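Architecture and fold: a report
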Amino acid sequence: MLDLVVRNAVLPDGREGMTIGCEKGRIVTLSRDVVAEAERVIDAQACLVSPPFVDAHFHMDSALTYGRPRVNRSGTLLEGIALWGELKPSLTHDEICERALELCRWAVARGTLAIRSHVDVCDPSLRAVKALLEVRELVKREIDLQLVAFPQDGFLRSPVAETTLPAALELGVDVVGGIPHFERTMAEGAASVERLCRIAADRGLLVDMHCDESDDPLSRQVEVLARETIRHRLQGRVVGSHLTAMHSMDNYYVSKLIPLMHEAEMTAIANPLINITLQGRHDTYPKRRGMTRVKELLEAGVNVACGHDCVMDPWYPLGSHDMLDVAHMGLHVGQMTGSLEMRKMFDCVTVNAARALHLDGYGLEPGCWADMVLLQAHSAVDAIRLRPARLAVIRRGRVIAETPRAVPTVHLAGKTAAVTFHVKKALSPSGEINATSPGPI
Ligand code: FE2
């Protein structure tokens, strides 16, 4: 007898009527056959079952601090950094842990079971590092929390980061971070990239740098990051986060840059919610969107993932840690409304993000971890459109979060009707009209 069976599921690739059998925390069967014997059977009722959402870029140490010590009046990146500098000394170990655990509850409720969080190492006491290492341990049964040693004030510019960043790695932080565009000069930015890639290569670690997070069309740090990736033989192990300057770069230059990123097997991470609000602030009109070239990078075969980046912190007053909000915004900002493009945005918050994090055993195939999300939607595109209830969130074959199905009742024009937000004929993931109407939802 299996531990768990999820039957009558639609998968993100469009396969319908699928049954997923789970045993000892792993998926053991995936087929159209009905597997009857299981301790628990969940009828998906023709709804979408997806691998869990993955947040490829987040800041857990600052999450849920909005308004402390005061709100960000201008809403800009630089006022956010200044506010964070004021707030940092007042944070305590327990308070950071409490906020992080609360954020993890929000994430699980939304079906996100892996988060890569940058953690600021520009603090001689490494208070946030120690707190988040503790949280990583506390939540490991439910969430894969990966930590990046992030020198917020600049690896070379900060008076302490050259010491504290390696110390954070010694304590067990997983990934080497950086912020070359925040160093004093372009040359020092490049020097920081070289130093940090060497640290990662020497220690056998992954790299994920905030890179070219500006509207400067001449910012060139991602080019340096790609070059250093190849030089240090870190292909497939390096992420460039934000890359917003690519939005403003000269098209000819980008036609050379994207193949270089491809050669370096880099992942590009966009943070649509944050990029659309923080970039273009010096523009009058037209205002640039600031999101990196998601569509073109994907077309060139570069792995592209998305992150939430912030939830209610000095940089962003909104959010509930929903990766479908991220995909929804990314789709709009990137004008990715082609049927296949919408489907690709779903990958950016699931499989592509899992690849960026080097997650082990991720996916809906026999042998993978029995981690999945049942959504009140009929397809991946439907999920982005509706951002619906996560009916069940499953980790290692165990249901760890549930949300009731929501079906509003509307009294209109003398009739009472249940609203499902679905038309009778649904679009398939490939964009074709299905002959049959979707099942109950
Ligand atoms: Fe960030």
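What counts, and where the lines are drawn
Residues numbered from 1 in each chain as written. Predicted model: local features only at pLDDT ≥ 70, side-chain atom pairs only at ≥ 80, totals over all residues. Heavy atoms only, no water. Donors = N, O, S within 2.8 Å, 3.2 Å for Na, K, Ca; no water. Tetrahedral: all angles 85-135°; square planar, octahedral: opposite > 155°, others 65-115°. Helix = DSSP H or I, 4+ residues; strand = E, 2+ residues; numbered from the N terminus. Buried < 20%, exposed > 50% of the residue type's maximum accessible area, 1.4 Å probe, protein only. Core = buried A, V, L, I, M, F, W, Y, C linked by side-chain atoms within 4.5 Å. Domains from an automatic or database assignment. Pairing = 2+ DSSP bridges. Axes fitted to C-alpha atoms, helices over the stretch in contact; angles between N-to-C directions. Contact = heavy atoms within 4.5 Å. Buried area = accessible area lost by both parts, 1.4 Å probe. Salt bridge = Lys/Arg side-chain N within 4 Å of Asp/Glu carboxyl O. Polar contact = N/O pair within 3.5 Å; in protein donor to acceptor, adjacent residues only side chain to side chain. Nonpolar A, V, L, I, M, F, W, Y, C, P; charged D, E, K, R; others polar.

**Concerning the coordination of the iron ion**
Binding of the iron ion to the protein goes through His57 (NE2), His59 (NE2), His210 (NE2) and Asp309 (OD), at separations of 2.2 to 2.5 Å. Note that the iron ion binds 4 donor atoms; their angles at the metal cover 84 to 172°, and the shape is irregular. Counting the intervening residues between successive donors of the iron ion yields the motif H-x1-H-x150-H-x98-D. You can see histidine 59 sitting in strand S5 (residues 53-59) and its partner aspartate 309 sitting in the loop between strand S12 (303-306) and helix H10 (323-333), a full 250 residues away along the chain. In this structure histidine 59 comes out as buried when scored by relative accessible area, which is 8%.

**A word on the nonpolar core**
Met60, Leu165, Leu225, Met246 and Met261 are the most contacted members of the largest nonpolar core, which has 108 residues in total. Sorting elements by how many residues they give to this core places helix H2 (residues 93-109) first, with 7 residues. Both of domain 1 (2-51 + 363-402) and domain 2 (53-356) provide at least three residues apiece to this core. Among the nonpolar cores identified, the runner-up in size contains 21 residues, and Met18, Val49, Ala389 and Ala392 belong to it.

**Some thoughts on the sheet that holds strand S3 (residues 26-31)**
A sheet is described by the order of its strands in space; here 7 strands give the open sequence S3-S2-S1-S4-S13-S14-S15, paired in mixed fashion. Every other strand in the sheet has two partners, leaving S3 and strand S15 (398-402) as the edge strands with one partner each. Sheet twist, expressed as the average angle between the axes of neighbouring strands with direction ignored, equals 30°. By the bridge criterion, 4 bridges tie strand S13 (residues 372-375) to strand S14 (residues 390-395) in an arrangement that is antiparallel. Paired with methionine 372 across the strands is isoleucine 394, a residue of S14.

**Describing the domain arrangement of the protein chain**
Size of an interface, as often reported, equals the accessible area lost when the parts are brought together. Domain boundaries in the protein chain define domain 1 (2-51 + 363-402) and domain 2 (53-356). Between domain 1 and domain 2, the C-alpha centre-to-centre distance is 30 Å. Between domain 1 and domain 2, the residue contacts involve 22 residues of the former and 22 residues of the latter. Across the domain 1 to domain 2 interface the summed buried area is about 1,800 Å²; carbon plus sulfur atoms make up 63%. It is Ile384, Arg390 and Arg395 in domain 1 that bury the most area against domain 2; as a group they hold 36% of the surface buried on that side. Where domain 1 packs against domain 2, one counts 4 salt bridges. Residue arginine 387 pairs with aspartate 325 through a salt bridge whose shortest N-O separation is 3.5 Å. The interface formed by domain 1 and domain 2 includes 10 residue pairs in polar contact (both at pLDDT 80 or more). Of all elements in the fold, only strand S4 (38-50), S13, helix H13 (380-386), S14 and S15 reach the threshold of two or more residues within the side of domain 1 that touches domain 2. Residue classes in the side of domain 1 that touches domain 2 are distributed as 14 nonpolar, 1 polar and 7 charged.

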